[in-house]
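# Commentary on secondary and tertiary structure
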Amino acid sequence: MVMKKILRTVIITLVLLTGATVGILYWLTNEKKDNTAALANVSQEESGEQLDNRAYIFSTAENSTPLLTDGAGKNVLVFDHASVYDTASSKNANDRLTRLSSRTKPTFKEPLIAYNPYGTNPNTFYFCFETNRKVSVKYRITVEDETIPDFVRTVYNGQEDNVSQKHEFTVGGLVPGMTNYIILTLCSDKGEELEDMTFSYAATLPASNIPTRLTVNKGKVSEETCSNGLFQVFPKDINYVLSYDNSGILRGETLLEESAGKRMVANGDNIYYQISKNRLTKVSSVGQVLGVYSTKRWGNMKDFDYDGYGNLYAVTQKKNRSYIARVDVGTQKAVKTLTFDKKVHAQSITVPGDGSAFVSSKSPSSVIKVSNIASTVAKVSAVFGKKSEWKN
């Protein structure tokens, strides 16, 4: 299968980064949820593999508006990021954007634009504007390099038929180290393109030793096409989560407090991920930090999952003892739900949302089912492994 070939190449390439890879669909640019027949070909356009319909032409540069973060002609807001993963600081940034939007009444021709206002994702831009009629918004990232496919996304606004008069979203997918051209397009509810604007920005280079392009070897031709998601890469020695598209192009960097984690969990318009050895965060689709949660009392996290009902569950380890900790997303309170036997070294957890959890153990090698996970009387109800290793 094509996807398996891609993953194999990604894993081999990232040995230089001593990284671990996990492929999931990321919210970076608001996952598309449109169901209209008129936009049935959108997934193909957004796959990130098509080189025959690139938007870049010789006049793209001269017809674009440069995005300037300083100096004469500055047209982009810049925020201070002294403390990124602090909900109060993030809320202050959001309040500032709300006040500016209310006061300036931004339009499609004169939108409110901010560079990475919450500090979570370098090389991203926040856009906000209103339109006279209900429309949807599509954006395309194109570069001069003809070997790099365009990055295309349709913004999901949560309204009926995905059309609205108010638009607030983040543009991601810029290629680091290159001049990127951002083409915003307004579309009708039938998918008809109505109006567009083009901006240009010279994206900064990524952190040291981060490759902007991976080698991708495709397997045999398959009838199935790749989805428009991104592969998430979690290097062990770099405090970023890296996002690569189906063509192996670096399309995003998510800042962490330190190298940590191996999972991102999307829930609605929000995403959860680990930012340090014992802290998790909840971030909105535009990058605002909505919550920060700690499991420090029970040691460092090995893995975590979300049950869909307001609870985060983390497998932790402290002094060679493994635990399961539950964090209430609303109150941010953390409690211990289970202490494993000393011989069990838990590594990962999956929570299906039915009151149970499945935990993998490195030693003894097994999968452990835990029942009543949300209560204070959680217990091991089944073990899948070698019987001989569990006799004692």
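Structure shown above.
## Side note on the overall build of the chain
Per the secondary structure count, the chain includes 3 helices and 24 strands. In the chain, buried positions account for 50% of the 392 residues. Taking the intrachain contacts of the chain between residues at least 6 apart in sequence as the baseline, contacts between residues at least 24 apart amount to 56%. Only carbon and sulfur atoms are counted for the fraction: they give 47% of the accessible area of the chain, which is about 19000 Å².

## Things to note about the pattern of salt bridges
Throughout the structure, instances matching the rule amount to 9 salt bridges. Asp150 is paired through a salt bridge with Arg54; the nearest N and O atoms lie 3.9 Å apart. With Asp150 in the loop between β5 (125-142) and β6 (151-154) and Arg54 in the loop between α2 (42-45) and β2 (65-66), this pair connects stretches of sequence that are 96 residues apart. Owing to a relative accessible area of 4%, Asp150 belongs among the buried residues under this scheme.

## Here we look at the sheet that holds strand β24 (residues 379-385)
Note on sheets: strands pair through backbone hydrogen bonds, and any given pair is parallel or antiparallel. In spatial order, the strands read β21-β22-β23-β24; together these 4 strands make up an open sheet with antiparallel pairing. Of all strands in the sheet, those bounded by a partner on one side alone are β21 (345-350) and β24. When strand polarity is set aside, the average angle formed by the axes of neighbouring strands in this sheet is 30°. Judged from the 5 bridges that link them, β21 and strand β22 (residues 357-363) form a sheet pairing that is antiparallel. For His345, the partnering residue across the bridge sits in β22 and is Ser363.

## Quick look at the pairing of strand β11 (residues 240-244)
Buried residues dominate β11, accounting for 5 of its 5 residues. Burial along β11 is two-sided: the face carrying Tyr240, Leu242 and Tyr244 and the face carrying Val241 and Ser243 are both buried. Between strand β10 (residues 231-235) and the antiparallel strand that follows it, β11, lie 4 residues. Of the pairings in the sheet, the one linking β11 to strand β12 (residues 250-255) comprises 5 bridges and is antiparallel in character. Each bridged residue has a counterpart across the sheet, and for Tyr240 the counterpart in β12 is Leu255. Here β11 folds back onto β12 in antiparallel fashion, the turn holding 5 residues, of which Gly248 has a positive phi close to 80°.

## Section: the environment of Asp354
Mapped onto the elements of the fold, Asp354 is located in the loop between β21 and β22. Asp354 gets classed as exposed once you look at its relative accessible area, which sits at 58%. On a C-alpha basis, the gap between Asp354 and Ile373 in space is 9.1 Å, while along the polypeptide they are 19 residues apart. One polar contact links Asp354 to Ser356, side chain to side chain, over a distance of 2.6 Å.

## Here we look at the layout of surface pockets
Looking at the largest pocket, its volume works out to about 450 Å³. As for the largest pocket, its lining consists of 19 residues, and the residues nearest its centre are Ser259, Ala260, Gly261, Met301 and Lys302. Mapped onto the lining of the largest pocket, the elements with two or more residues apiece are β10, β11 and β17 (300-306). Ranked by residue count, the leading element in the lining of the largest pocket is β17, at 3 residues. Along the lines of polarity and charge, the residues of the lining of the largest pocket split into 9 nonpolar, 6 polar and 4 charged.

## Topic: the packing of aromatic side chains
This structure, assessed with the given rule, holds 10 aromatic pairs. Ring geometry for Tyr56 and Tyr181: centres 5.6 Å apart, planes at 45°, overall tilted. Pair noted here: Tyr56 is in the loop between α2 and β2 and Tyr181 is in strand β8 (residues 179-187), with a separation of 125 residues, a long-range link. Of the two residues, Tyr56 and Tyr181, both sit in the buried class. With a centroid separation of 4.8 Å and 80° between ring planes, the pair formed by Phe125 and Tyr201 is classed as edge-to-face. One end of the pair, Phe125, is in strand β5; the other, Tyr201, is in strand β9 (residues 193-202), with 76 residues separating them in the sequence. Grouping residues by exposure puts Phe125 and Tyr201 together as buried. Here the aromatic residues Phe108, Phe127, Phe129, Phe169 and Phe199 are joined through ring pairs into a cluster of three or more. It is Arg96 that lies over the ring of Phe79; its NZ or CZ is 4.4 Å from the centre.

## Brief notes about the sheet that holds strand β13 (residues 264-267)
Taken together, 4 strands build an open sheet; the order of strands is β13-β14-β15-β16 and the sheet is antiparallel. Edge positions in the sheet fall to β13 and β16 (289-294), since each has one partner strand and no second. This sheet shows a mean twist of 25° between the axes of neighbouring strands, independent of strand direction. Relative to strand β15 (residues 279-283), strand β14 (residues 270-276) runs antiparallel, the two being bridged by 5 bridges. Within β15, the residue paired with Ile271 across the bridge is Val283.

## Details of the pairing of β10
Note on strand geometry: in a regular strand, side chains alternate between the two faces of the sheet. Counting buried positions along β10 yields 5 of 5 residues, so the element is predominantly enclosed. In β10, alternate side chains face the same way, and those of Phe231, Val233 and Pro235 on one face and Gln232 and Phe234 on the other are all buried. Across 3 bridges, β10 lies against β11 in antiparallel orientation. Bridge assignment links Val233 to a residue of β11, and that residue is Leu242.

## Comments concerning a nonpolar patch on the surface
Taken together, the side chains of Phe358, Val367 and Phe384 present a nonpolar region at the surface, about 240 Å² in accessible area. Inspection of the secondary structure assignment puts Val367 in strand β23 (residues 366-371).

Rules of the game
- Residues numbered from 1 in each chain as written.
- Predicted model: local features only at pLDDT ≥ 70, side-chain atom pairs only at ≥ 80, totals over all residues.
- Heavy atoms only, no water.
- Helix = DSSP H or I, 4+ residues; strand = E, 2+ residues; numbered from the N terminus.
- Buried < 20%, exposed > 50% of the residue type's maximum accessible area, 1.4 Å probe, protein only.
- Contact = heavy atoms within 4.5 Å.
- Areas by Shrake-Rupley, 256 points an atom, 1.4 Å probe, with all protein chains shown as cover.
- Salt bridge = Lys/Arg side-chain N within 4 Å of Asp/Glu carboxyl O.
- Pairing = 2+ DSSP bridges.
- Axes fitted to C-alpha atoms, helices over the stretch in contact; angles between N-to-C directions.
- Polar contact = N/O pair within 3.5 Å; in protein donor to acceptor, adjacent residues only side chain to side chain.
- 1 Å grid on protein atoms, 1.4 Å probe; cavity = no way out; pocket = protein on both sides within 12 Å on 5 of 7 lines; lining within 4 Å.
- Points joined across faces, edges and corners; volume = space filled by probe spheres on them.
- Nonpolar A, V, L, I, M, F, W, Y, C, P; charged D, E, K, R; others polar.
- Phe/Tyr/Trp six-rings, centres within 6.5 Å; stacked < 30°, edge-to-face > 60°.
- Lys NZ or Arg CZ within 6 Å of the ring centre and 35° of its normal.
- Patch = residues over 30% accessible without salt bridge, like charges linked within 9 Å, V, L, I, M, F, W, Y side chains within 5 Å.

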